[in-house]
Structures are given as structure tokens and as C-alpha cells.
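# Summary of the model geometry
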Amino acid sequence: MTQLKNDVFLRALLNQTVEYTPVWMMRQAGRYLPEYRATRARAGSFMGLCTSPDYATEVTLQPLERFPLDAAILFSDILTVPDAMGLGLYFAEGEGPKFERPLRDEAAIKALVAPHVEDKLQYVFDAVSSIRKALDGRVPLIGFSGSPFTLACYMIEGGGSADFRHLKAMMYGRPELLHHILDVNARTVTEYLNAQIRAGAQAVQIFDTWGGALSGPAYREFSLSYMQQIVSGLIREHEGRRVPVILFTKGGGQWLEAMAETGADALGLDWTTDIGEARARVGDKVALQGNLDPNVLFGSPEGIEREVARILASYGTGSGHVFNLGHGISQFADPAHAGVLVDSVHRLSRTYHTQ
Ligand code: CP3
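Residues take numbers from 1 onward in each chain, read along the sequence in its written order. A pLDDT threshold of at least 70 governs which residues receive local features in this predicted model, and a stricter bar of 80 or more applies before side-chain atom pairs are shown or counted, although totals over entire chains, interfaces and linings include all residues.

The protein chain carries the name Uroporphyrinogen decarboxylase in an unreviewed UniProt entry, which gives Craterilacuibacter sinensis as its organism. UniProt positions are given in the numbering used here, feature names are shortened, and annotations may be inferred rather than shown by experiment. According to UniProt, the comment filed for the protein chain under the heading Catalytic activity (unreviewed entry) is "uroporphyrinogen III + 4 H(+) = coproporphyrinogen III + 4 CO2". In its Subunit (unreviewed entry) section, UniProt records this for the protein chain: "Homodimer."

Next comes the structure, spelled out in C-alpha cells:
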């Protein structure tokens, strides 16, 4: 295996000493980059990118060619997992992801079984191997999946939703049916992430994009407990190194203590929680990743630098912080502004890491 040339991201996730604060951006490979749009046009579709290891490798590396990012993230999507369960993922132009066969009746839910990930999702593991080869030790590669709950939102609603009406009807009316879906999802995601780790993912992130739509008790019962089950089942050491796990619940700032109890190495923060306060609450247990409002990139370079400086100061001195956006970068963001973000983090953070 090639030696990692830059392991600052992995060290920060494990609260080990670093020289500067590492940075990557959620959705760093995507439509805000003209070179991504060009490759997507050649591939014909978004799923054409995901299912081809060559295209997935090309777009994963695109943001790294532009910016000195400290990590790469596998190019794929969280919804490949329900697709592998037979729900029929498709992307309606301008409408986002949809499923042909959403889970709406008891018979369909009871028929749902965990797929054999090596059969159905081998293209993802092939992409991981191919990206690792292309990175040649430049930076670590992050693997990922959706949380069981966030996947269930799309599986039941059949696409995006403003109110999660069908899911909540099930949660409050037939909770055992939702638990069955979540159990299948948790077992599948565990296998899926472990296969990504075996293929070469050096850290993994669980995206719980919609957990914040729940009440506290419902969050624990329907989202957190299944993420806990996954964390407990993951391979934690590979190629002689610890494989850090990052949990990100958007809107989950009030539940950080409970999230830190899962055994995750790091928690992702959106921009609604102060990172200094979060550190005071859970910083002795976990590293923190975040937490710039992605819309800061719509402002001026000076405004970006100011917000970066504010977040670095709020976190304070010492390791345990991975700089990131609090959610994915917008397709309308200016790539030059993303560059300002990365450079500001590297330049302004050094003073927080001198011994
Ligand atoms: O660079 C990276 O971060 C890696 C790639 C990545 C994608 N999706 C590519 C993508 C990752 C990590 C995801 C995760 C994902 N996908 C999440 C969790 C993170 C989050 O943003 O909350 C969710 C909820 C999805 C589901 C999904 N996929 C939606 C809602 C959409 C459409 C809306 C949108 O933001 O574009 C997608 C499509 C998608 N996934 C695109 C990309 C680059 C755009 C597709 C295109 O090229 O048209």
C-alpha cells in the first residue's frame, strides 16, 4: 500500500496533533464545477457517473485538482442502497431523485430484504479501489452511506419531501413496519460500509440528513439507535490504521451528547450550533467537523475569510476540528469562492496549532 502523503484529516479526526486545520467540503465534486458538468454530459446521466469506476474516479479527483483539499470523498450517492433493494431509483430532470416503487403497503415492506451488497453494489467498491489507485496516497479517501432513517425517508416518500407525511403516518401509526425497514437498512449499510473499507475507504461518514425532522425521543428510537448499531458493526482498523467514523445529523445539534455515546470518532455539525459550545459539551469524546453555512460562499471573499476566522476562533486551540461546510455546497456556488474558503482555513488555522 502507498504511504499517505497527507494524513492531517485522519489525525484531526482522532484528536491527534496537526499543523493546521484540515478541510474538505460536503458535495465537493458536483455541479458547481464546470468540469463536473462536462464529464456528466459525456457520461449521459448522474447514474452513468456513479456506475462507471472510471468516471467516478475522474469526478472525485476534480475538486482536488483545483483546491488543496485534505480529503477526497467517493463519488456516489446515498440512494444507490435502496436502488440495490429493488426500489427503482431515477432522476427526473429538475426534480431530484425519485423511486419507481416507494414502500407504501405492508406487503411491499414485509418483502423488503437486505441485498447482497457484493452482487448489487460492486460498482461502488470498484470505484473505491480505482480512486485509491488514482490518489496514490495524496490524501485519504472518505467512504459514506445514508443513515437508515434518511434512506427510509426517500424509500417511503418516493423522493424528497417537505413534511415526510407518509413516513410520519407510518411512524406514529404502524411503528413496527418502520422498524422493519430501518433494521433492513442498518444491516445493509453495515455490510456496505465494511465493503467500502475493505476496498480502501480510510474514513466513513454516515449522512443523517433528515434526522433533525424528528422529536428527541423519536430521533433516539428511529435514527440514532440504528446508527449506533452500524457503528458497533463496522471494521474499525484496516491497513494498520484506525478507520474513523463520522456521524452527521443535520439539525442534530441538541443531541450531540447522545451521538457521542455511539462510539463514533467525530460528529458533523451544521451551522446552527456554535462549534465552541459543541466542543465544550462533547470535545473530550469526539472530534467535530463543520460548520460553515454553505451560503457564506454567496458572499464576498472578505466575508468568507471573516466567517472562517470566526469558526476557527470559536473552536480554539488544539486538534479535533475538521473544517467543512454545515451541508453540501450549492450548485450555484462560485468555485473561486470555494478556493478562498480552503486557502483561508489553511492560512488562518496555523496559529491555533503551535505547541
Ligand atoms: O462530492 C461528494 O460529496 C460526493 C458525492 C455525493 C453525492 N451525493 C453526489 C450527488 C454525496 C456524499 C451525496 C450524498 C447525498 N445524496 C445525500 C446526503 C448529503 C446531503 O446532501 O444531505 C442526500 C440526501 C442525497 C440524495 C440526493 N442525491 C439528492 C437530494 C440529490 C438531488 C439534489 C442535489 O442536491 O443535487 C442527489 C443527486 C446528486 N448526488 C448530485 C450529486 C453531485 C447532483 C446530480 C446531478 O449531477 O444532476
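Read on, since the account is not over.
With that settled, the discussion passes to the pairing of strand 5 (residues 203-208). A residue is called partly exposed when the number of other C-beta atoms within 10 Å of its own lies between 12 and 20, exposed at 12 or fewer, and buried at 20 or more, with C-beta atoms placed from the backbone. In this description a helix means any DSSP run of H or I spanning at least four residues, a strand means any run of E spanning at least two, and both kinds are numbered starting from the N terminus. Burial analysis of strand 5 places six of its six residues in the buried class, the great majority of the element. Neither face of strand 5 is open: one carries Ala203, Gln205 and Phe207, the other Val204, Ile206 and Asp208, and all of them are buried. Pairing between two strands requires that DSSP report at least two bridges joining them. As paired elements, strand 4 (residues 141-146) and strand 5 share five bridges and run parallel to each other. Bridge assignment links glycine 143 to a residue of strand 5, and that residue is valine 204. Relative to strand 8 (residues 245-249), strand 5 is paired through five bridges, and the arrangement is parallel. Residue pairing in the sheet places valine 204 in a bridge with valine 245 of strand 8.

Attention now moves to the UniProt feature "site: Transition state stabilizer" (unreviewed entry) in the protein chain. UniProt annotation of "site: Transition state stabilizer" (unreviewed entry) refers to Asp77 when read in the numbering used here. By secondary structure assignment, the location of aspartate 77 is in the loop between strand 1 (72-73) and helix 5 (80-84). For aspartate 77, a count of 18 C-beta atoms within 10 Å gives the class partly exposed.

Right, let's get into the site of the ligand. Here, nearness is defined through the C-beta atom: a residue counts as near a molecule or strand if that backbone-placed atom lies within 6 Å of it. The environment of the ligand is made up of 20 residues, and the closest members are Ala29, Gly30, Phe207, Thr209 and Gly328. Any residue outside Ala, Val, Leu, Ile, Met, Phe, Trp, Tyr, Cys, Pro, Asp, Glu, Lys and Arg is labelled polar, Gly included; the first ten of those are nonpolar and the last four are charged. Across the shell around the ligand, the residue classes tally to ten nonpolar, six polar and four charged.

Right, let's talk about the packing of helix 4 (residues 53-66) against helix 8 (residues 122-135) for a bit. Angles run from 0 to 180 degrees between N-to-C directions of axes, and those axes are lines fitted to C-alpha atoms, restricted for helices to the stretch in contact. Two elements in contact, helix 4 and helix 8, have axes whose closest approach is 8 Å; the angle formed by their N-to-C orientations is 50 degrees. As the angle between them shows, helix 4 and helix 8 are arranged oblique. Of the two possible hands of crossing, helix 4 and helix 8 adopt the one that is right-handed. Of the residues in helix 8, those touching helix 4 at Pro53, Ala56, Thr57, Thr60 and Leu61 are Tyr123, Asp126, Ala127, Ser130, Ile131 and Ala134. In terms of residue class, the contact of helix 4 with helix 8 is built from seven nonpolar, three polar and one charged. Any angle that falls under 35 degrees is termed roughly parallel, while one over 145 is termed roughly antiparallel, one within 65 to 115 roughly perpendicular, and all others oblique. Should the near helix be turned counterclockwise from the far one by less than a right angle, the crossing is left-handed, whereas a clockwise turn marks it as right-handed. Placing C-beta atoms from the backbone, we regard two residues as in contact once those atoms come within 7 Å.

The next point concerns the pairing of strand 4. Along strand 4, six of the six residues are buried, which leaves the element largely enclosed by surrounding structure. Burial along strand 4 is two-sided: the face carrying Leu141, Gly143 and Ser145 and the face carrying Ile142, Phe144 and Gly146 are both buried. Relative to strand 4, strand 1 runs parallel, the two being bridged by two bridges. In the strand pairing of strand 4, isoleucine 73 is matched with isoleucine 142.

With that out of the way, let us pick up the sheet that holds strand 10 (residues 287-292). Strand order in this open sheet of seven strands is 1-4-5-8-9-10-11, and the pairing throughout is parallel. The sheet is open, and its two borders are formed by strand 1 and strand 11 (321-325), each paired with just one other strand. Two strands pair when backbone bridges link them, and strand 9 (residues 266-268) and strand 10 are joined in this way by three bridges, in the parallel orientation. Bridge pairing links alanine 266 to alanine 287 in strand 10.

Looking now at the nonpolar core. Where a protein is soluble and globular, its nonpolar side chains tend to be buried together. By size, the foremost hydrophobic cluster in this structure holds 116 residues, and its most contacted members are Leu74, Ile142, Ala152 and Leu267. When residues in this core are grouped by element, the largest group, ten residues, is from helix 11 (residues 175-199). Nonpolar core, as used here: buried Ala, Val, Leu, Ile, Met, Phe, Trp, Tyr and Cys residues forming one set through C-beta atoms within 7 Å.

The feature "domain: Uroporphyrinogen decarboxylase (URO-D)" (unreviewed entry), as annotated in UniProt, sits at residues 22-31 and 142-158 in this numbering. Taken end to end, residues 142-158 is 59% helix and 29% strand, and its two terminal C-alpha atoms sit 27 Å from one another.

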